[in-house]
Amino acid sequence: MSATTSSEETTPEQTGTVQTSTVAPAEPVPKDRSVTRRLLGTELRLMTRDPMTLTFVLVFPIVTMLIIGGSFGTEPDEVFPINPAHWYVASYFTVVIGATGLIMLPVHIATYRERGVLRRFAAAGFPRWSFAVAQLVVGLVAIAVSGAALLAVAAPVYGVPDVEDPLRVVVGVAVASVAFVSIGVLLGTVMPSARAAQAMGMLLFFPSFLLGVGGPPPAVMSDVLREVSDKLPLALANQAIREPWLGLGDATGALVTVSVVAVVAMMLAGRRTAL
């Protein structure tokens, strides 16, 4: 008699066991983080190709600093409490901040709006807040790079003044940068076209530049011009940076005012980009 082999297969139900998958599901990559990184990378590349960045944020502060920094000599007098060249080297760092926030960013963002780029970003799935964050980072990078270039050019020509109060200078630069980058984002979202943004940016930048930062020292201004310059946001930002840098004071009042401007500008810019 030959042995017979059963052809029936044993099922999990018959054995009382349950088969489970041993492969864990893949953890999804956060979409918002991914698209924000892509947007930021694209914006940083575009910044290096923008003639507005190269002209007003990089070239203009350096050239004007070299011209005016050598116009008043290097000896302190009744007009300049310290070396005039050092006075303007410290001041022109604020010019970089103002040019970024009042000229570069408004034109860049208004151009996007005019060409419908922002609508395409939204259609492609970019979160609305990601564009504001990308512009903030781009503006801060532009300030850091252009400011470093300014100091690198000034060092062999006039020398870079010693920083008397490093902590207050760092805080002043950070607060002023955030304030004017936020103003730039806000202007870019309000202006109807790139030309309008450029015109408004120039109108805001050059009076502040001449009266409060890179123009004549306050000691030679009339009382009216001095009173006006003391109320300009860019002049206040300059005080918050220059005075502790050169050891002329702590500029606490100016720093507080610029901090308030930064908070308000960030809130308004964030609201505009979220619409």
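Computed from a prediction, not measured in an experiment: that's the story for all the values here. (Residues numbered from 1 in each chain as written. Predicted model: local features only at pLDDT ≥ 70, side-chain atom pairs only at ≥ 80, totals over all residues. Heavy atoms only, no water.)

### Notes on the overall build of the protein chain
Counting its regular elements, the protein chain contains eleven helices and zero strands. Each helix and strand of the protein chain, placed in order from N terminus to C terminus, yields the pattern α-α-α-α-α-α-α-α-α-α-α. In the protein chain, which comprises 275 residues, the share counted as buried stands at 44%. A sequence separation of at least 24 residues applies to 80% of the contacts in the protein chain between residues at least 6 apart. (Helix = DSSP H or I, 4+ residues; strand = E, 2+ residues; numbered from the N terminus. Buried < 20%, exposed > 50% of the residue type's maximum accessible area, 1.4 Å probe, protein only. Contact = heavy atoms within 4.5 Å.)

### So, the packing of aromatic side chains
All chains considered together, the criterion is met by 14 aromatic pairs. For the pair F60 and F205, a centre-to-centre distance of 6.1 Å together with 70° between the ring planes defines the contact as edge-to-face. Of this pair, F60 sits in helix α3 (residues 51-69) while F205 is found in helix α8 (residues 194-213), placing the two residues 145 residues apart along the sequence. Residue classification places F205 among the buried positions, given a relative accessible area of 0%. Between F205 and F206 the ring centres are 5.0 Å apart and the planes differ by 80°, which places this aromatic pair in the edge-to-face class. Grouping aromatic residues by their ring pairs yields a cluster made of F56, F60, F72, F80, W87, Y88, Y92, F205, F206 and F209. The residue whose ring lies beneath R242 is W87, and the NZ or CZ to ring-centre distance is 3.8 Å. (Phe/Tyr/Trp six-rings, centres within 6.5 Å; stacked < 30°, edge-to-face > 60°. Lys NZ or Arg CZ within 6 Å of the ring centre and 35° of its normal.)

### Observations regarding the nonpolar core
Within soluble globular proteins, side chains that are nonpolar generally end up buried alongside one another. With 57 residues, the main nonpolar core has Y92, F180 and F205 as its most contacted residues. Where this core is concerned, the elements lending two or more residues are α3, α4 (84-115), α6 (128-157), α7 (166-190), α8, α10 (233-246) and α11 (252-273). In terms of residue count, the dominant contributor to this core is α4 (16 residues). In this structure, Y112, V117, L186 and A269 belong to the second largest nonpolar core, which totals nine residues. (Core = buried A, V, L, I, M, F, W, Y, C linked by side-chain atoms within 4.5 Å.)

### Examining the environment of A155
One can find A155 in helix α6. Distance in space between the C-alpha atoms of A155 and V89 is 9.3 Å, their sequence separation being 66 residues.

### Thoughts on the confidence of the model for the protein chain
Averaged over all residues, the pLDDT of the protein chain is 82; the fraction at 70 or higher stands at 83%. When pLDDT is averaged over each helix and strand of the protein chain, the minimum, 45, is found for helix α1 (residues 12-15) and the maximum, 95, for α10. Predicted confidence is poor over residues 1-30, with pLDDT under 50, and the contacts of this stretch with residues over four places away or in other chains come to four contacts. (pLDDT = per-residue confidence, 0-100.)

### Concerning the pattern of salt bridges
Following the criterion strictly, the structure yields three salt bridges and no others. Of the charged contacts, one joins R226 and D223 as a salt bridge, the two residues approaching to 3.0 Å between their closest N and O atoms. Here R226 and its partner D223 are both found in helix α9 (residues 223-229), three residues apart, which amounts to about one turn of the helix. Judged by its relative accessible area of 26%, R226 is partly exposed. A salt bridge links K231 to E227; the nearest nitrogen and oxygen atoms lie 3.9 Å apart. Using a relative accessible area of 60% as the deciding quantity, one classes K231 as exposed. (Salt bridge = Lys/Arg side-chain N within 4 Å of Asp/Glu carboxyl O.)

### Quick word on the side chain of S208
Along the chain, S208 turns up in helix α8. For S208, the side chain forms a polar contact with the main-chain oxygen of L204, separated by 3.1 Å. What S208 contacts, discounting residues up to four positions off in sequence, is V213, L232 and L234. (Polar contact = N/O pair within 3.5 Å; in protein donor to acceptor, adjacent residues only side chain to side chain.)

### Let's talk about unusual backbone geometry
Leave glycine aside and you will find that most residues have negative phi; peptide bonds, for their part, are mostly trans. One non-glycine residue, A251, lies in positive phi territory at about 55°. Residue position: A251 is located in the loop between α10 and α11.

### A look at α10
A rise of 1.5 Å per residue sets the reference length of α10, with its 14 residues, at 20 Å; its end C-alpha atoms lie 20 Å apart and thus fit the reference within 8%. Along α10, twelve of the 14 residues are buried, which leaves the element largely enclosed by surrounding structure. Turning to α10, its buried residues are L234, A235, L236, A237, N238, Q239, A240, I241, R242, P244, W245 and L246. Among the residues trailing α10, G247 stands out with phi positive, at a value near 75°. (Expected span 1.5 Å × (residues − 1).)

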